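One-letter residues, chain by chain:
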Amino acid sequence: MYIDTLLSEADWLITEEDYHPEKNQFYETLFTLANGYVGARGSLEQGSQTGSPGTYFAGVYDPTPVFFTELANAPNWLNVKIVANNESIELEKGRILEYKRTLDMKKGLLTQIFRWEGAKGQITRFEDYRLVHLNYKHVALLKGVIVPENYDGPFVVKSGLNGYVFNTGVIEQLLIKHFKLTEYEDREAEGIYLEMKSRLSGISVGEASKLKLSVPSERSVEIDVDKITEVLTFEAKKGQAYEFEKYVTFYTSRDVEDVKFHTLKELNTRVDQGSEVLLREHVSAWEQKWLDADVKIHGDEVAQRSLRFNIFHLIQSANEDDDRVSIPAKALHGEGYRGHIFWDTEIFMLPFFIYTNPRAARSLLMYRYHNLDAARENARIQGYKGAQFPWESADTGLETTPKELGNPLTGETVRIWTGEEEHHIVADVAYAVDHYYVATGDEQFLLKYGAEILLETARFWASRVQYDDRKKAYVIKKVIGPDEFHEHVDNNIYTNYMAKWNISKALEYIDRLKQKHTDSWDKLKKKIVLSSREIREWKTIANNLYLPYDEKTKLYEEFEGYFKLKEIDISGVDSTGLEKIVKDTKWIKQADVVMLHYLLGDYFDQETKKVNFHYYKRWTTHSSSLSPSIYAIMGIEVGNYRDVYQDFMRSTRIDLDDEQGNTSIGIHAASLGGAWQVAINGFAGMRIKNGMLSFKPWLPEKWGKLEFKVKWWGETLNVAITHETVELKLETTDPTRTVEVNIAQRVWRVKGGETCVISVCSQ
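Nothing here was measured: the structure is a model prediction, and the numbers come from that model.

Engineer: Tell me about the overall build of the protein chain, and name the residues and values.
Structural biologist: Within the protein chain, the secondary structure is distributed over 19 helices and 36 strands. The globule rule puts the C-alpha radius of gyration for 763 residues at 27 Å, and the 27 Å found for the protein chain is close to it. Judged by the C-alpha coordinates and their principal axes, the protein chain covers about 85 × 60 × 60 Å. Every one of the 763 residues in the protein chain was classed for burial, and the buried ones make up 61%. Long-range contacts, defined here as pairs at least 24 residues apart, represent 67% of the contacts in the protein chain between residues at least 6 apart. If you sum the accessible surface of the protein chain, you get close to 29,600 Å²; carbon and sulfur atoms cover 46% of it. Both charge centroids of the protein chain, one from 95 positive and one from 114 negative side chains, sit 4 Å from each other.

Engineer: Could you give an account of a nonpolar patch on the surface, naming the residues involved and the relevant values?
Structural biologist: Residues Leu 181, Tyr 184 and Ile 223 make up a contiguous nonpolar surface patch of about 240 Å² in total accessible area. Within the secondary structure, Tyr 184 sits in strand β16 (residues 179–186). Accessibility expressed as a relative area gives 37% for Tyr 184, which makes it partly exposed.

Engineer: Residue-level account of helix α2 (residues 259–273), with values.
Structural biologist: When the terminal C-alpha atoms of α2 are compared, their 21 Å separation across 15 residues agrees well with the 21 Å that a helix rising 1.5 Å per residue should span. At its buried positions, α2 is contacted by β12 (139–148), β17 (192–198), β18 (204–213), β21 (242–252) and α3 (275–293). Positioned one or two residues after α2, Gly 274 has a phi angle of 95°, which is positive.

Engineer: So, the sheet that holds strand β1 (residues 13–16): which residues are in play, and what are the values?
Structural biologist: Ordered by their spatial adjacency, nine strands build an open sheet running β1-β9-β10-β11-β12-β21-β18-β17-β16, and the pairing between neighbours is antiparallel. Because the sheet does not close on itself, it has two edges, and the strands there are β1 and β16. Across the sheet, the mean angle separating the axes of adjacent strands is 15° when strand polarity is ignored. One ladder, built from nine bridges, connects β18 with β21; its direction is antiparallel.

Engineer: Could you give me a rundown of the side chain of Asn 35, with the residues and numbers involved?
Structural biologist: Within the fold, Asn 35 resides in the loop between β2 (33–34) and β3 (38–40). For Asn 35, the contacting residues outside a window of four places in its chain are Val 132, His 133, Leu 134, Tyr 136, Lys 137, Gln 316 and Ala 318.

Engineer: Which residues make up the packing of helix α5 (residues 344–356) against helix α6 (residues 358–370), and what values go with them?
Structural biologist: For the pair α5 and α6, the least separation of the axes is 6 Å and the interaxial angle reads 145°. In contact with Thr 345, Glu 346, Leu 350, Phe 353, Ile 354 and Thr 356 of α5, α6 contributes Pro 358, Ala 360, Ala 361, Leu 364, Leu 365 and Arg 368. Classifying every residue of the contact of α5 with α6 gives eight nonpolar, two polar and two charged.

Engineer: Describe the pairing of strand β30 (residues 692–695), naming the residues involved and giving the relevant values.
Structural biologist: Bridge count for strand β29 (residues 687–689) against β30 is three bridges, and the pairing is antiparallel. Counted as the bridge partner of Ile 688 is Leu 693 from β30. Across three bridges, β30 lies against strand β34 (residues 738–743) in parallel orientation. Looking at the pairing, Phe 695 lines up with Ile 743 of β34.

Engineer: I'd like a rundown of the packing of aromatic side chains, residues and numbers included.
Structural biologist: The tally for this structure, following the rule as stated, stands at 50 aromatic pairs. Taking the centre distance of 5.5 Å and the plane angle of 85° together, the rings of Tyr 384 and Phe 460 count as edge-to-face. One end of the pair, Tyr 384, is in the loop between α7 (372–381) and β23 (404–406); the other, Phe 460, is in helix α10 (residues 443–464), with 76 residues separating them in the sequence. Judged by relative accessible area, which is 0%, Phe 460 ranks as buried. An angle of 55° between the planes, with centres 6.5 Å apart, marks the rings of Tyr 645 and Phe 648 as tilted.

Engineer: Quick rundown of the pattern of salt bridges? Include the residues and the values.
Structural biologist: Inspection of the entire model under this criterion finds 61 salt bridges. A salt bridge links Glu 9 to Lys 106, with the nearest nitrogen and oxygen atoms 3.5 Å apart. Here Lys 106 lies in the loop between β9 (95–104) and β10 (109–117) and Glu 9 lies in the segment before β1, a separation of 97 residues in the sequence. Classification of Glu 9 as partly exposed rests on a relative accessible area of 44%. Classification of Lys 106 by relative accessible area gives partly exposed; the value is 31%.

Conventions adopted
- Residues numbered from 1 in each chain as written.
- Predicted model: local features only at pLDDT ≥ 70, side-chain atom pairs only at ≥ 80, totals over all residues.
- Heavy atoms only, no water.
- Helix = DSSP H or I, 4+ residues; strand = E, 2+ residues; numbered from the N terminus.
- Rg over C-alpha atoms; globule rule 2.2 N^0.38 Å.
- Buried < 20%, exposed > 50% of the residue type's maximum accessible area, 1.4 Å probe, protein only.
- Contact = heavy atoms within 4.5 Å.
- Areas by Shrake-Rupley, 256 points an atom, 1.4 Å probe, with all protein chains shown as cover.
- Lys, Arg positive; Asp, Glu negative; His and termini not counted.
- Charge placed at Lys NZ, Arg CZ, Asp CG, Glu CD.
- Patch = residues over 30% accessible without salt bridge, like charges linked within 9 Å, V, L, I, M, F, W, Y side chains within 5 Å.
- Salt bridge = Lys/Arg side-chain N within 4 Å of Asp/Glu carboxyl O.
- Expected span 1.5 Å × (residues − 1).
- Pairing = 2+ DSSP bridges.
- Axes fitted to C-alpha atoms, helices over the stretch in contact; angles between N-to-C directions.
- Nonpolar A, V, L, I, M, F, W, Y, C, P; charged D, E, K, R; others polar.
- Phe/Tyr/Trp six-rings, centres within 6.5 Å; stacked < 30°, edge-to-face > 60°.

Following this line, the structure appears as structure tokens:
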């Protein structure tokens, strides 16, 4: 009738065809709509006994009394309850005759269609769409139609703002209510308003809504515990369609001082605009995003739809307008990892933004800079110098990893060491700073912010190392590497090599500043009190940092003593039992040595990469969603193509197939970025070589073409790859502009507005 005319082509759609209550939370994550400012889980408008609704505002955290600071579940604005001729429409009662929900990724819409038969034989049709506006960060909209197919009678439509919401604790029986009511108001013709404040962090959230019907109705308001609801009543006629609209606006005290004023003003503005304008501008905003971010796969519809799912959720997770927030490991899609930020952002997600939306990438890095003083405090607490970025970060930038997780019902606790030992994140942030600068040439960022991060992280590593008289080298003891199955290890190769790289890179930037930006260098070294003696110490450490390596086999040792660990069969062992038995074995959780060879590819020859890939592939369980994408990329790089496509599809469908079994608590945001990297850095073979873009493609046999765009130093490069050619076109307003690209071991100059077609042989 109404909704199907809105939807895009099939390769842009993710559809739930039948209603299964036990899958509600799974689809709530898949169908989350967000805009980087706020995320709303894809809960049913009608509500459900098995659902877990969530509204999360980026940066709105609140401590819990016992466990940790977490992203606070804010008032729910989604509900639309219908009472048809004195019968409440509830999907878990009555009989569902037709049901379909569709996520339209091209337009950023979630649609719902169902036909429902109640106990009286009454059949009602319901259709609607919802959006969280991509342009207007403080606006959401629901619009739909209700049709009583075979009956007349009174209709009641109820919709409001519900602040009686909770976060789920570490166990399902423990619920945490973060917000307390400060105000609600019936504004009659102007709708309703609800304001609440987080209990410990003191952040106010204001929400306003206006419910409209296409026919005259009687209006009333219901007040309950932390709830305010608009109620519209009218007489319905059989077969007639009744249209409804719900406008919603929201602000927090993170954004403005007078939350109520801005929320209500926004509501009045958007109601005056009307739903058609809001929809049109939202769809247009998504169209612009996809122009830069889409990756087109010709010849593989499943891969195309799956990859777009990952890109869609990446786009809606970042807010380029707020540089004091970052993307949590579960984005704004759920409460997994309590909404904390890990290395997932800088290593897995950031590259997507660097090459499609550099402004968003800069904002994500600025989140780290704004928390640089907190990182210094983290280092001081642990007895180190410089800046130690936390393994888990929230709003303050201080370490938020709990030292233990416990079940208050059983008294059982598990000690958590990652916050005290997984220090490689310090170098990961530094790596991201360098990556952004090299790809964008953002000199202002480097001089004002990036260089300071690079130097303070190098200073951390210089204080973290110890000199080992026996080895005649500097070592890093008692760490956890990316592997995470093995704790308290010495000289994890990823950690040591990235620390060496971090210090060496800081020294390179010092030389650059001295030569080209003397004023900036003088200000920076004075600000952080950096002496010539300390710089000389860094050089000594970088040149003498121990790297466990076997010259005969060309194998880098995962960590000191790894090669002597047990080799056991783990087939048939489930994920719960796995972590209990692998600590003394060679089994690792995810790419570690292989991850190092991906990030610092120019530091290792091809034979070394190949030998280590084959060795560690055997012992990697891929128990982390971060792992398959890296093995896919490196499989292409070393010429081991057998599992590449399978690993790529696994990374694109981690959530679509619920492979990890925990999609219900939030999206696997790192895997979203990893999937994009397989397409661009794997199949297209894109790297930065000697300061220029390089491509060495390999496509799956059934792919006819791979097309995408990348941003490079303020310009946009269109790339189209087939099995025989690489086609490049430079989008620029300056026809004299050229970009140098390395393909097939030759440097090609691509001129503005011209198309360059280069013949290549499939590898």
